[in-house]
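Geometric and topological summary
Below are the chains, spelled out letter by letter.
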Amino acid sequence: MKKILITRKLLSSCEDKAKKTFDASLNLNDELYSQKRLIELSKKHDGILSALTDKLDAKTINQLPDTVKIISNFAVGFGNIDLEAAKQKGIVVTNTPEVLTDATAEIGVLLILGACRRAAEGIERARKGGWIWSADLLIGKQLTGARLGILGMGRIGQKIAKVAKSLGMVIHYHNRSRLIQEKEQGANYHDNLKDLMKVSDVLSICCPASKETINMINKDTIEYLPKGAVVTNVARGDIVEDEAMIDALNRRKVYAVGLDVYKNEPNLNPGYLNHPSAFILPHVGSATKETRTAMANLAIDNLDEFFRTGNCINKVN
Ligand code: GLV
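Quick look at the pairing of strand β6 (residues 147–151) now. Of all the five residues making up β6, four are buried; the element is thus mostly covered by neighbouring parts of the structure. Taken together, the five bridges between β6 and strand β7 (residues 170–174) define a ladder with parallel strand orientation. Bridge assignment links I150 to a residue of β7, and that residue is Y173. Taken together, β6, helix α7 (residues 155–166) and β7 form a β-α-β motif whose crossover is right-handed. As defined by bridge partners, β6 adjoins strand β9 (residues 202–205) across four bridges and the pair is classed as parallel.

Have a look at this one:
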């Protein structure tokens, strides 16, 4: 049986599946392993089932034992892994796409609603008590007729577009290439970020973090947004320059933000923490039982397929 290191706790049905399929080393207390510990623990293992909290940079990958042939990441994103370093070392990297599209899009829509309708302030007022209904209590932004700019119209972006359209939003998007008509579903394509930003009453960031997208939403690009735009991010914190965003919030260039992901998670920029116009969640895009189960099972299947056939279902490097 192949020996697999599972770096974080999985839902118990998935750990059972892993134990049936492999000689699995589990992390029962769900400790966060340091890079050093992860290297030590992976000795004599054939593969690693990693999570987005494992920073598998080039230095760490280069110190992994030669027995490790595959890293199966329990996430659709793989910004936590240096793909090139893994490739150089002959390690295959896989991810878990598709199975989390719907759950993540649900959170993407929640961020749009929460930011536009001032949910953070509303929750605080309701908890505190003593509020009185009035015609102008917590007036927010209505979505009907508003323009939604989707940055990164992949599977998650397309699902958010579908729901947002049903709420009466007008969809715009920017991708490196235009989608086929069937996937576009009437959305307006912009071949550059600036043009998308200009028409985004609400911006939904859905693209992967990569060399091209890191800090793409920054001091300069924020200025292209209409005054009072809303910015949401369900993808990765690295895409947004936080200081610039907080400054834009403070001077009301940006009306509100809805965020599920951050640079340096879980130590997010303190400027967001108590900001009344920041609707913030702790990276829960894929957090439903169905989805987390499907993701872990796919991460296990990716390992199993690789060891049985040498093929990879979701290879990313
Ligand atoms: C979640 O953020 C993922 O990449 O799966």
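A few words on the pairing of strand β11 (residues 254–259). Counting buried positions over the six residues of β11 gives six, a clear majority of the element. In terms of strand pairing, strand β10 (residues 229–233) meets β11 through five bridges, oriented parallel. Considered in β11, the bridge of T232 is made with G258. Between the parallel elements β10 and β11, the chain passes through helix α11 (residues 242–250) in a crossover that is right-handed. Relative to strand β12 (residues 278–280), β11 runs parallel, the two sharing three bridges. Residue L259 lies in a different strand from β12, and its bridge partner there is I280.

Turning our eyes to something else, we now look at the side chain of T293. Structurally, the position occupied by T293 is in helix α13 (residues 289–309). Of the residues examined, T293 reaches a relative accessible area of 18% and is grouped as buried.

Next up on the list: the pattern of salt bridges. Scanning the model with the defined rule gives 16 salt bridges in all. The salt bridge partner of D23 is K3, with a shortest N-O separation of 3.6 Å. Of the two residues, D23 is situated in strand β2 (residues 23–25) and K3 in strand β1 (residues 3–6); the sequence distance between them amounts to 20 residues. Judged by relative accessible area, which is 35%, D23 ranks as partly exposed. Accessibility expressed as a relative area gives 26% for K3, which makes it partly exposed. D102 serves as the salt-bridge partner of K159, at 3.3 Å between the closest nitrogen and oxygen. Linking K159 in helix α7 with D102 in helix α5 (residues 101–116), this pair joins segments that are 57 residues apart in sequence. Salt bridges linked by common partners bring E223, D247 and R251 together as one network.

This next bit is on the sheet that holds strand β3 (residues 47–50). Read from one edge to the other, the open sheet built from five strands follows the order β2-β1-β3-β4-β5, with strand pairing classed as parallel. Both outer strands of the open sheet, β2 and β5 (92–94), are each paired with one neighbouring strand and no more. Going across the sheet, the axis of each strand differs from the next one's by a mean of 20°, ignoring polarity. Both β1 and β3 contribute to a ladder of three bridges, which runs parallel. Counted as the bridge partner of L5 is I48 from β3. Along the sheet face, α13 touches β1, β3, β4 (70–73) and β5 and points at about 155° away from the line of β4.

What follows covers the nonpolar core. One finds L49, L148, I150, I160, M169 and I171 to be the most contacted residues of the largest nonpolar core, which totals 47 residues. The dominant element in this core, judged by the number of residues it contributes, is α5, at seven residues. Both domains that furnish three or more residues to this core are identified here as domain 1 (3–98 + 288–309) and domain 2 (101–280). When residues no more than four places from it in sequence are discounted, the contact partners of I171 are L148, I150, M153, A161, A164, K165, A187 and N188. Residues M197, C207, L249 and V257 belong to the second largest nonpolar core, which totals 28 residues.

Before going further, it helps to spend a moment on α7. Helix length check: α7, at twelve residues, gives a terminal C-alpha distance of 17 Å against a target of 16 Å (1.5 Å per residue), a fit within 8%. Every buried residue belonging to α7 is among I156, G157, I160, A161 and A164, and all of these are buried. The arc that holds the buried residues of α7, viewed along the axis, is 135°, so those residues lie on one side. Exposed residues on α7 whose side chains face more than 90 degrees from its buried face are K162 and S166. The first or second residue beyond α7 is G168, which carries a positive phi of 90°.

Here we take up the site of the ligand. In the vicinity of the ligand, the contacting residues are L52, A75, V76, G77, L100, R236, H283 and M295. For the ligand, an oxygen atom lies 2.7 Å from a polar atom in the side chain of R236. In isolation the ligand exposes 190 Å². Once the protein is present, 90% of that is buried. The class makeup of the residues in the shell around the ligand is five nonpolar, two polar and one charged.

Criteria and thresholds
- Residues numbered from 1 in each chain as written.
- Predicted model: local features only at pLDDT ≥ 70, side-chain atom pairs only at ≥ 80, totals over all residues.
- Heavy atoms only, no water.
- Buried < 20%, exposed > 50% of the residue type's maximum accessible area, 1.4 Å probe, protein only.
- Helix = DSSP H or I, 4+ residues; strand = E, 2+ residues; numbered from the N terminus.
- Pairing = 2+ DSSP bridges.
- Right-handed = clockwise from strand over helix to strand, strands pointing away.
- Salt bridge = Lys/Arg side-chain N within 4 Å of Asp/Glu carboxyl O.
- Axes fitted to C-alpha atoms, helices over the stretch in contact; angles between N-to-C directions.
- Contact = heavy atoms within 4.5 Å.
- Core = buried A, V, L, I, M, F, W, Y, C linked by side-chain atoms within 4.5 Å.
- Domains from an automatic or database assignment.
- Expected span 1.5 Å × (residues − 1).
- Arc of directions from axis to C-beta.
- Near = heavy atom within 4 Å.
- Polar contact = N/O pair within 3.5 Å; in protein donor to acceptor, adjacent residues only side chain to side chain.
- Areas by Shrake-Rupley, 256 points an atom, 1.4 Å probe, with all protein chains shown as cover.
- Nonpolar A, V, L, I, M, F, W, Y, C, P; charged D, E, K, R; others polar.

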